Amino acid sequence: MSVLDAPTLVTVPAPQRVRNSAELPAGFRGTTSGATSKPVSTYNVLLGRVREAGLLKRRRGFYIAMFSIVTACLAGAITGSVFIGESWFQLLIAAGIGIIFTQYAFLAHETAHRQVFESGRTSDNVGRFLASGVVGMSYAWWTSKHTKHHGNPNTIGRDTDIAFDTVSFLEQDAVKQRGLMRWFTQRQGYAFFPILLLEGVNLHLMSYRTVFGRKKVDKRSVEIAMITIRFAVYLGLVFTFLPLGMAFAFVGVQLAIFGLYMGSAFAPNHIGMPIIPEDSRVDFLSKQVLTSRNVTGGPLMTIAMGGLDYQVEHHLFPNMARPNLRAARRIVREHCAEHQVPYTETTLWSAFGTVIAYLNRVGLAARRPFDCPMAAEYRPR
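Residues numbered from 1 in each chain as written. Predicted model: local features only at pLDDT ≥ 70, side-chain atom pairs only at ≥ 80, totals over all residues. Heavy atoms only, no water.

Quick look at the layout of surface pockets now. There is about 610 Å³ of room inside the second largest pocket. Taken together, 26 residues make up the lining of the second largest pocket; nearest its centre are Ile-78, Ile-97, Val-233, Tyr-234 and Leu-237. Every element with two or more residues in the lining of the second largest pocket is listed here: helix H2 (60–84), helix H3 (90–112), helix H4 (120–135) and helix H10 (220–241). When residues of the lining of the second largest pocket are assigned to their parent elements, the largest contribution, eight residues, is made by H10. (1 Å grid on protein atoms, 1.4 Å probe; cavity = no way out; pocket = protein on both sides within 12 Å on 5 of 7 lines; lining within 4 Å. Points joined across faces, edges and corners; volume = space filled by probe spheres on them. Helix = DSSP H or I, 4+ residues; strand = E, 2+ residues; numbered from the N terminus.)

Structure follows, in C-alpha cells:
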C-alpha cells in the first residue's frame, strides 16, 4: 500500500473544553446524550488501511533488543556504582537508574497493551514482572487506571487521569480548593513540573495502598511479594554499601528523576487538549484523535518517550508495536485530513508550554471574585 505524506491538517490551536455538540470542531462526530442520532465513525476504514499495511504485526525482536539494552545499562550503572565507592558522584548513578527504571516502565506499558506478545496471559505475567518486580509499581492498579483512561480519554467522570490529585485539571475542581491549596492551585501550572519530582514517591505509595487495600486486586499476593522483594533488594544494597546520608540522597535523587521523567513523558499526551462532558456520545476515532497530542522529534524522541510521542496512533491502535507507530502516523494523518478530524502535533517544548498555560488557566477558577484579573482592571480606584 502506497502511503503519501499527508497535506496540511487542521489542528486544535489552543486548549478547549467541548461543552456540547455545537462547540465541537469540524470533523468531530458526536452527539449529546439527548440526541437520537448515532455518532458516525470511519475507524473501521482506517483500521483496514493499517492492517493492510502490516502495521499490527508484533515486533518481538525489537522489544527483546530494548530489554537487553536497558538491562545492560542497569548492569553498567551497578558496576559504575561499585567502582565509584563512597563518593557523591553516586548521585549521577542514581539519576541514571531513575531513567533506566522509567525505560522499564515504558516496556511494562507496552507489554500490558499486548504489543509484544499475542497471549494475554504471557503479556500479563511479563508486564507484572516488569512493573512490580523491577519498577516497584502495582501492575493491577496501573492497568485498571490506564484501561479507564484509554476507553474515555479526557472525559469528565470517566477518565481517572483528569481526576483531582493535588493538581486540578478541571475548573470544577479548582473552585473547590481552600486555604493553602487555593494559593497553590492559582499557580499550579508553574508548579506542575517541580512537583513531578515527588511523583515517583506518589506512584509507589499508590501501589502499596492498592495491594494492601480492601478492593479486589488481581494476583494480590504475587504483587505484594514482587514489590516487597524488589524494595528489599534495592534498598538493602544502597544502605549496605553507602553511608547513611549518601544512601538517603541516592534514593531521593533516583525517585525524583524517575517521577520527573515519567510525568514529563505522559503530561504532553492529553493535558490542554479538549475535555469531553460525561454525557456526550462521541465516536471512537474522533474521541481518541481530538483528545490526544503527538510530539515531534524523530527516532530519538520515540526512544526517550517510549513511543508515547505517537499518542494519537497509540490511542487508536493500543496493541501496535512501537516501531510501527511512525508509519501508522502517515496513514492516520491522511485519513484525518480526508474526513476533517482535527489532528494535533507539536514539539515537546511547545507541548510543555501548553500544559503550563492550561493548568494556570484552570487555576484561575480558584481565585476569589475580587482576585479576578478582569474585575481588578475595572474596579473603581
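Here the narrative resumes, following the displayed structure.
All right, on to the side chain of Thr-185 then. Checked against the element boundaries, Thr-185 lands in helix H7 (residues 179–186). Judged by its relative accessible area of 0%, Thr-185 falls in the buried class. (Buried < 20%, exposed > 50% of the residue type's maximum accessible area, 1.4 Å probe, protein only.)

What follows deals with the nonpolar core. By size, the foremost hydrophobic cluster in this structure holds 37 residues, and its most contacted members are Tyr-104, Met-137, Val-238, Phe-250 and Phe-258. Put simply, the parts of the chain that give this core at least two residues each are H2, H3, H4, helix H5 (139–151), H10 and helix H11 (244–270). Here the element with the most residues in this core is H3; it accounts for ten residues. Sequence-distant contacts of Tyr-104, that is, excluding residues within four places in its chain, are made with Phe-67, Val-70, Thr-71, Leu-74, Leu-130, Val-134 and Val-135. (Core = buried A, V, L, I, M, F, W, Y, C linked by side-chain atoms within 4.5 Å. Contact = heavy atoms within 4.5 Å.)

What follows covers the confidence of the model for the chain. Parts of the prediction with low pLDDT should not have their coordinates interpreted in detail. In this model, the chain carries a mean pLDDT of 87, and residues with pLDDT of at least 70 account for 86%. Per-element confidence in the chain is highest for H3, whose mean pLDDT is 98, and lowest for helix H17 (residues 373–378), whose mean pLDDT is 43. Of the regions scoring below 50 in pLDDT, residues 1–39 engages in 87 contacts with residues more than four places distant in sequence or in other chains. Across residues 372–381, where pLDDT falls below 50, the model places four contacts with residues more than four positions away in sequence or in other chains. (pLDDT = per-residue confidence, 0-100.)

Let us now look at the environment of Gln-90. For Gln-90, the position within the fold is in helix H3. Taking C-alpha positions, Gln-90 is 8.7 Å from Gly-80, a pair spaced ten residues apart along the chain. When sequence neighbours within four positions are dropped, the list of residues in contact with Gln-90 reads Ser-81, Ile-84, Gly-85, Leu-242, Met-246 and Phe-250.

As a further point, take empty space enclosed by the protein. Under the definition given, this model contains two cavities of 30 Å³ or more. Of the volumes computed, that of the largest cavity is approximately 50 Å³. Every residue along the wall of the largest cavity is listed here: His-109, Glu-110, Gln-115, Gly-306, Gly-307, Leu-308, His-314, Met-320 and Leu-325. Across the lining of the largest cavity, the residue classes break down as three nonpolar, five polar and one charged. (Nonpolar A, V, L, I, M, F, W, Y, C, P; charged D, E, K, R; others polar.)

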